[in-house]
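# Understanding the architecture of this molecule
In case you want the letters, here they are:
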Amino acid sequence: MSSKKSRNPFKALKKYLPLRASTDHVAGPPGFRAEPQSQANPQDSVALPDKDHRVLQTTIHDERGGDPGLLPPDTSVTGVAPYRAAESANESTENRTCDVEEDGGDLAVAPSDKFGALKAILEATSAAPADPKEAVTISNKIKNLLPRLITLEDHFDTLPDDVGDFRRRNKLIGKLEDLEEQLRSLHEGQGIQPRFKGGEDVYNVLEDMQEAIYEYQNTYQITARVEQCKLMSPDEESVLGNFRCAQDADYLCGGRKGCLRGTRRALLDEIEIWTRDFDKPSVYWLNGLAGTGKSTIAQTIAERLSADGRLGASFFCSRDFEDRSDLHFIFPTLAAQLAQKHSNSRSEFVPLVKSDREIVRESLCDQMYKLIVLPLAKFTISTVIVIDALDECKDDEPASAILSVLGRFMSQIPKVKFFLTGRPEPRIREGFSLPRLAEATNVFFLHEVKPSEVKKDIRALFQHEFSELAHRRRGLDDWPSEVQLNLLCERAAGLFVYAMATIRVICDQNADPRTQLNDLLQSPGSSVLEGKTKFSAQKTLDSLYLSVLQKAFGDDYPERDPKIRSILGAVVLAANPLSPSTIATLLGLTTEGVFLPLLSAHSLLILQDNSSCPVRPFHKSFPDFIIDPGRCANPRFHVFPPKHHMELLVGCLNLLNQKLERNMCNLPDAVTNSEVVDLKERTQKYIGQALEYACKSWHKHLPKTTLAESDITSALYQFMEKKFLFWLEVLSILGTAREAVVALEAVAKLLNASPTLNLVNDCFRFVVAFFEVIDTSAPHIYHSALLLSPQTSIAHDLYKQYCCPFVRVLQGSSTSWEQVVATRNSSGSIQTAVWSPCMRFIAFSEAFPHRVEILDAATLTRIQTLAPSLNVIKWLDFSPDGCLLTGFGPKLELHIWDLQTGHLVNATSSETHKTGRKCLSSTYSLDIKTIAVAHGSLLHPSNHFPTTISTYDLTSGMCIFSHSPSEGCIVGQIWAHNRHLQFSTVKPGHITIWEADFTSIHTLAEVKTMPGPDEIDHAGEFLFLHTLSRLAFTLKHAVRIWDAQDSKLLLDFEGVLQPSTMVFSHDGQLFMCATSGSMVHVKLVFSPNAKSILMQHEQEIQLRYTKDPTFSLSDLPAKPFSHCHYILDFSPDGTLAAVALWCGEMITILDLECGEPRLTINTGMEIFGLRVTGGTILIVGEGMVATWNVPAGGCAFGARADMNDSVETRLFDYTKLPGTRPPYASISPDLNCIAITGRGMTCPLDIYDISTGKHLVGIDTLEFGWA
């Protein structure tokens, strides 16, 4: 064999890497697919296997008109600087030479047998019966190695970029030649015997070959990333640089380490084969208990995929970081990584982000579809995405929301694979059990690997680390002993986290490793001999942690223990990892005073030399240990969460009171936050880590303390009184204004009636009323919000000196906070609205367009828009767990949305109901598999009779059964009781409770009968509260509440005109009724805690607070909405105007010269129309026209009058009007005729003579008619 110094590396490479005849294409790095050129025709792409079983995935036309150049196969994500092409377009491959070749030899085409030794070994392994497992392991390794060599072959068809790349190629080629000789020696000398002797040596050679290729590929990837960044336009750089995504979430960050060489062999090879085989499921779930090495394996897979160029993106979840534990950051972060690596993905990503800045706040369903699915599907990109520790995300749903979304969309991107890891927690298991995901997922149970194999890998880890330590330090020959090593492996009990923590302790550079090991093995629970006792993983881990803490802090200075507990408490209890300098600031210590104790326990922590870098536990099992008194047996180190949350809370409030001031970031006047180009730099310079944490997280510690109110009232009042607006300003700049709502709600729950509570409530009203302003612009907190707040507001009074000096409100500002907390206007008519069980969300539906939106219940800001419905939704109901939203259309069309994803999982049209239906009540079964709904026909004059009860399967959407109670019965309500469906029916004198199974009406049985009211109106409204056996119903012009338990009326409220909604609070203590005489066509919904009420009308939703401790109808204004219909007429001389609310009873006479009301008239009847003459007002009322004379001499301003019996009236027959809705009426200017019509799409129009009542004209159908 020729000397390595004299040989031509490209000639040597011919045994492995032949050059192709045509190379006129842009080549990529190893494992990367080159970008198609602009002249490429997508229709020319092919996917045919060649003789080496490779897939020629893409072709690009040769500019010379010859055969297209072949692009590297088995590739995924682009991120490459183009290689230099040949000097001349007509220069042939044979004539191409490298200008840095050592001997100037030409590059030759290699023979066809490129991998003879590897193929021979592969064939031999399949015929080795003695140890088939070993043979399979080597076979899998070769299956993973061959594609890499083939990719290198395509890569080396091009000239090197520079001398450095040439040398790296030379080094790789020499290494491959040496390894080939070793394989050939094993094959020819020792042979591949039936019992497969030398299998371990073969595998080691293959590992060496793989590592050599990795080394070259990884070096090239660094260059590729740099070159890819150079290809970005300034606009693309700006968008990606300012895009809000999780920080340090990919595999390159965080200092994570992969698997030690020689460990997890079979599993890693199996996963690699899965990544390349698209006939296998698209999802791989590595399922393992805590400490079993899931994240280490995920890191290794990400590194190998990245080296091959097949890693699209990675996301390592962590509960230590707010953004890396937030589900809504996963897809945006993955998309940003894809856009950085892949120009095609970037071309889709940048315009989307520029047009939708709030993509991070959209539903997970919309995020994945827009950011991941669309670009990957459009360009048929083949790649692998890695998501680690999914169980560490904050996800309250019973089935993981990410997995629900993944199950929906993965079929649309068949060339994309997802590698996921996570503990087998219930919501993760449920997510992978979803029908669409279960069949497409390969599951590996890491904790079910044979203990002997895990123990072998842990032993290899100990041996490697101790060997490395022996090389660095003297006197460690023949250490540790076999007995010690065996005991360490036994104590690890299959947990790699124990092994790594032990290594960190023993290898402490400031301690003697022999002493460290002896101390660990002599700790409690370690004195037994290997094989005599089976160690518990948790107990040995606890013993390790306790031993380290005792060793770190000793027993000499017990007075330091409180300080040590405070520092450790800040590390394990902080909402986000804190740096030593931040911990020092919050606890009132010096940075050195915090850093040194942390350094003593550094083997249990991830601690950087820089005191500004966050410190966090080495493993999540350490916080679990130190806050559990049952596990942390030494009280010196036990962190009591309530006490240390209190310390952090007080530290945050003190810092806020000391540091906050107006315009901390020196922002220009009247700008929005998005207009400040260097906002991020200003934040880092003027706010800093400690103050940012205090602003965002102080309230998160409050509910976790056991403080008496007096302990925090003083600091809290000082903060709200002096720093409240400055705090809002910082939150606005940080993009976390929603935290203000959460914080003030949390504080209000913990305070009793006091000036502090009054101030907190007032500040809460300020935030909610001006939330959009606060969220958009920090300067406008002063220029707009403060300026427009009510003058009697406590916050306004405290901070009015900060109002904008060059703007003044002349007229229109409120004197006090209105009862309307927030208002949401809609472009379409709002049909229905409902609270979520957790009271955090409100869902409402609108018509034209048909859609359902989810709002924040505190601010009524939009959270997400659900997938479009088939028809307008008339009824909505949340499932008890808040995961599903069910809606019914006008003909009972069933719609089911998965709120975890925003996806419409089922939409079923109704073939049973051909006419319009009105839903009256609904309820879910306890297992949330079925929903029951009571509904009545809109054609019948009664809303409740006849009524039908139907149940639907939530999986299929099909109707299970429908049941109509006996004639004469009115259904008051339906509800779930245990596992059964119950409903009430009402007859004169009786209220009956019935029960049936949700899936069968044949089980219907009477539960009990109670006394009911003797007089009922079948055309009225009915509402039954089953928890207290109370029936609310309308009778003529009265609302009554009947107590069935005591057989008596609790309420008899007269004078109620046409109620549109009746509603009980959940506890039955509050009742509200909306009527046409006060709140026209208003629908009411109490919040589950009865402290808020949602009022829905036309195109508006209002959020109001009920007043504690009581709340009555009189607290609500008569005109709560701006969408009510009014009737207006002017006097002939134009000096007066008469105004009345349609269907109201009051008429107001306005003096048009001064704009003040001159007279208010109580008509005592519903008003459908009016006309004003010189001294007379004609009023169209219920079945009559009344003439009322204005008192002689006029009236004083603000006077009130009642219509008396002397008013002249004429009766008219309205029987021709359809339905029961009130009519519209208009009187002719000459006062001789009256026109009456109904309300609807098509209505009749009738004209009468006023003096005689004679019917003059009738038109049967008047489209959109108004009189």
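The model shown is predicted, which means the values in this text are computed figures rather than measured ones.

Conventions used here
- Residues numbered from 1 in each chain as written.
- Predicted model: local features only at pLDDT ≥ 70, side-chain atom pairs only at ≥ 80, totals over all residues.
- Heavy atoms only, no water.
- Pairing = 2+ DSSP bridges.
- Helix = DSSP H or I, 4+ residues; strand = E, 2+ residues; numbered from the N terminus.
- Core = buried A, V, L, I, M, F, W, Y, C linked by side-chain atoms within 4.5 Å.
- Buried < 20%, exposed > 50% of the residue type's maximum accessible area, 1.4 Å probe, protein only.
- Contact = heavy atoms within 4.5 Å.
- Axes fitted to C-alpha atoms, helices over the stretch in contact; angles between N-to-C directions.
- Phe/Tyr/Trp six-rings, centres within 6.5 Å; stacked < 30°, edge-to-face > 60°.
- Lys NZ or Arg CZ within 6 Å of the ring centre and 35° of its normal.
- Expected span 1.5 Å × (residues − 1).
- Bend = angle between axes of the 7 residues up to and from the residue.
- Parallel < 35°, antiparallel > 145°, perpendicular 65-115°, else oblique.
- Left-handed = near helix turned anticlockwise from the far one by under 90°.
- Nonpolar A, V, L, I, M, F, W, Y, C, P; charged D, E, K, R; others polar.
- pLDDT = per-residue confidence, 0-100.

### Observations concerning the pairing of strand 15 (residues 875-878)
Pairing of strand 15 with strand 16 (residues 884-888) involves 4 bridges; the strand directions are antiparallel. Looking at the pairing, Trp875 lines up with Phe888 of strand 16. In textbook terms, the turn of a hairpin is the stretch between consecutive antiparallel strands, and for strand 15 and strand 16 this stretch comprises 5 residues, one of which, Gly882, has a positive phi near 75°.

### What about the nonpolar core?
With 158 residues, the main nonpolar core has Trp698, Phe724 and Trp727 as its most contacted residues. Excluding anything up to four places from it in sequence, Phe724 contacts Phe719, Leu744, Cys763, Phe766, Val767 and Tyr799. Core analysis: the second largest hydrophobic core is formed by 55 residues, Trp285, Cys317, Leu376 and Leu437 among them.

### What about the sheet that holds strand 15?
On the basis of which strands lie adjacent, the open sheet formed by 4 strands has the order 15-16-17-18 and antiparallel pairing. A single partner strand is all that each edge strand has here, and the edge strands are strand 15 and strand 18 (903-908). Geometrically, the sheet is characterised by an average inter-axis angle of 20° between neighbouring strands, direction not taken into account. Note: strand 16 against strand 17 (residues 894-898), 5 bridges, orientation antiparallel. Paired with Leu885 across the strands is Trp897, a residue of strand 17.

### Structural notes on the packing of aromatic side chains
The final tally for this structure, using the stated rule, is 28 aromatic pairs. Ring geometry for Phe243 versus Phe349: centroids 5.0 Å apart, planes at 80°, classification edge-to-face. Here Phe349 lies in helix 10 (residues 343-355) and Phe243 lies in the loop between helix 6 (234-242) and helix 7 (265-276), a separation of 106 residues in the sequence. Judged by relative accessible area, which is 9%, Phe243 ranks as buried. Pairwise contacts between aromatic rings join Trp698, Phe719, Phe724, Phe726, Trp727, Phe766, Phe770, Tyr782, Tyr799, Tyr802 and Trp817 into one cluster. Between Lys415 and the ring centre of Phe278, over which it is positioned, the NZ or CZ distance is 4.8 Å.

### Let's talk about helix 26 (residues 688-701)
Structural remark: α-helix, 3.6 residues per turn; residues separated by three or four positions point the same way. For helix 26, built from 14 residues, the straight-helix expectation of 20 Å at 1.5 Å per residue is met to within 8% by its first-to-last C-alpha distance of 20 Å. Along helix 26, the largest kink reaches about 45° and is centred on Cys695. Taking burial as the measure, the 14 residues of helix 26 include 10 buried ones, the bulk of the element.

### Here's the deal with the packing of helix 11 (residues 364-378) against helix 12 (residues 401-409)
The geometry of helix 11 relative to helix 12 is characterised by a closest axis approach of 10 Å and an angle of 50° between their N-to-C directions. Relative to helix 12, the element helix 11 is oriented oblique. Where helix 11 crosses over helix 12, the two elements pack in a sense that is right-handed. Residues Leu364, Cys365, Met368, Tyr369 and Val373 of helix 11 form the contact with helix 12, whose own contacting residues are Ala401, Ile402, Val405, Leu406, Arg408 and Phe409.

### Thoughts on the packing of helix 7 against helix 8 (residues 294-308)
Between helix 7 and helix 8, whose axes approach to 11 Å, the crossing angle comes to 45°. With respect to helix 8, the axis of helix 7 lies oblique. Regarding helix 7 and helix 8, the two cross each other, and that crossing is right-handed. Contacts from Leu267, Leu268, Asp269, Ile271, Glu272, Thr275 and Arg276 in helix 7 reach Ile297, Thr300, Ile301, Arg304, Leu305 and Asp308 in helix 8. Within the contact of helix 7 with helix 8, the residues separate by chemical class into 6 nonpolar, 2 polar and 5 charged.

### Let's talk about the environment of Phe1022
Turning to its location among the elements, Phe1022 is positioned in strand 27 (residues 1022-1025). With 18 residues separating them in the primary sequence, Phe1022 and Arg1040 have C-alpha atoms 9.8 Å apart.

### Observations concerning the pairing of strand 16
Across the 5 residues that make up strand 16, a large majority, 5, are buried. Across the two faces of strand 16 the burial is the same, with Leu884, Thr886 and Phe888 and Leu885 and Gly887 all buried. Taking the residues between adjacent antiparallel strands as the criterion, strand 16 and strand 17 are bridged by 5 residues, where Leu892 takes a positive phi near 65°.

### Observations concerning the sheet that holds strand 3 (residues 283-287)
Across a sheet, strands are paired by hydrogen bonds formed along the backbone, either parallel or antiparallel in direction. Across the sheet, 5 strands lie side by side as 4-5-6-3-7; this open sheet has parallel pairing. Of all strands in the sheet, those bounded by a partner on one side alone are strand 4 (311-316) and strand 7 (441-445). Averaged over all pairs of adjacent strands, the angle between their axes in this sheet comes to 10°, without regard to strand direction. As defined by bridge partners, strand 3 adjoins strand 7 across 5 bridges and the pair is classed as parallel. The residue bridging Tyr284 from the neighbouring strand is Asn442, located in strand 7.

### Notes on helix 16 (residues 482-492)
Burial analysis of helix 16 places 8 of its 11 residues in the buried class, which makes it a mostly covered element. All of the buried residues in helix 16 are Gln484, Leu485, Leu487, Leu488, Cys489, Glu490, Arg491 and Ala492. Among the residues trailing helix 16, Ala493 stands out with phi positive, at a value near 50°.

### A short note on the side chain of Asp269
Among the structural elements, Asp269 can be located in helix 7. Apart from residues lying up to four places away in sequence, Asp269 is in contact with Thr137, Asn140, Lys141, Asn144, Tyr203 and Arg304.

### A look at the confidence of the model for the protein chain
Averaged over every residue, the pLDDT of the protein chain is 76; the share at 70 or more is 77%. pLDDT under 50 marks residues 189-197. Its contacts with residues more than four places away, or in other chains, come to 16 contacts. Here residues 940-945 scores under 50 on pLDDT; set against residues more than four positions off or in separate chains, the count is 22 contacts.

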